[in-house]
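Geometric and topological summary
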Amino acid sequence: MKKNTAYETALAALACAFATIFLTIGIYSNFLLLTGYLFSGIALMLPLAKKSYRGYLLAYVATCLLSLLFGLSRFFDLLPFIIFFGLHPLVNELQIKFKFNRWLAFFLKAAWFDLAMYLTWRLVFQMTTPIPFVDEYFIPILLVFGTAFFFLYDYITYKCRYTVNLVVNRFIKK
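A brief look at the structure comes next.

Rules used in this analysis
- Residues numbered from 1 in each chain as written.
- Predicted model: local features only at pLDDT ≥ 70, side-chain atom pairs only at ≥ 80, totals over all residues.
- Heavy atoms only, no water.
- Helix = DSSP H or I, 4+ residues; strand = E, 2+ residues; numbered from the N terminus.
- Rg over C-alpha atoms; globule rule 2.2 N^0.38 Å.
- Buried < 20%, exposed > 50% of the residue type's maximum accessible area, 1.4 Å probe, protein only.
- Phe/Tyr/Trp six-rings, centres within 6.5 Å; stacked < 30°, edge-to-face > 60°.

Quick word on the overall build of the protein
- The number of helices and strands found in the protein is nine helices and zero strands.
- The globule rule puts the C-alpha radius of gyration for 174 residues at 16 Å, and the 17 Å found for the protein is close to it.
- With respect to the principal axes defined by its C-alpha atoms, the protein has extents near 55 × 40 × 20 Å.
- Out of the 174 residues in the protein, the part that is buried amounts to 41%.

The structure is reproduced here in structure tokens:
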């Protein structure tokens, strides 16, 4: 069965537009940065609802490039999205497609998340925060609280995936 490339392109363009808007708002409002990552990831689920991996990759790359263009001086704010939050919806979709063990997948994704946050802390904050205790015990704090946060985040993204799939399938019957 041949996929309709018009739908694929339209979903990718829509996903890119929404994701870029959410990321740009998040970049310019530090308070909304994490929300921008979350909503951008949800927006990127649009092509995945129709199993369009090519559309997803196109939307992801275009979102990263456009967000870099709109936030030239804020590259490091985009780093967590580029190395984790933007790719997470694709990894979840592949996990479901290939029926990968969910607990092993959770462990691997949590390790990926913790590594991405460690790299962000190391590159963006140069391993210093205003709180000396956090600087001294960052890795144990990250492993405990980062993994706990990821557990909640991963659960929420699966629920959002289900909702996005319902909405997209309601509008596009193919």
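From this point, the narrative continues.
Section: unusual backbone geometry
- Located in the positive-phi region is Lys51, a residue other than glycine, with phi close to 60°.
- Residue placement: Lys51 occurs in the loop between helix H3 (45-48) and helix H4 (53-70).
- Located in the positive-phi region is Lys99, a residue other than glycine, with phi close to 55°.
- Relative to the assigned elements, Lys99 resides in the loop between helix H6 (88-97) and helix H7 (102-124).
- Classification of Lys99 as exposed rests on a relative accessible area of 72%.

A few points about the packing of aromatic side chains
- With the rule as written, the count across this model stands at 21 aromatic pairs.
- Seen from their ring centres, Tyr37 and Phe85 are 4.9 Å apart, and the 15° between their planes marks the pair as stacked. Here Tyr37 is found in helix H2 (residues 33-43), whereas its partner Phe85 is found in helix H5 (residues 75-85), with 48 residues between them in sequence.
- According to the relative accessible area criterion, Tyr37 is buried, its value standing at 6%.
- Exposure remark for Phe85: the relative accessible area of 2% places this residue in the buried category.
- Members of the aromatic cluster, joined through ring pairs, are Tyr37, Phe84, Phe85, Phe106, Trp112, Phe113, Phe149, Phe150, Phe151 and Tyr153.

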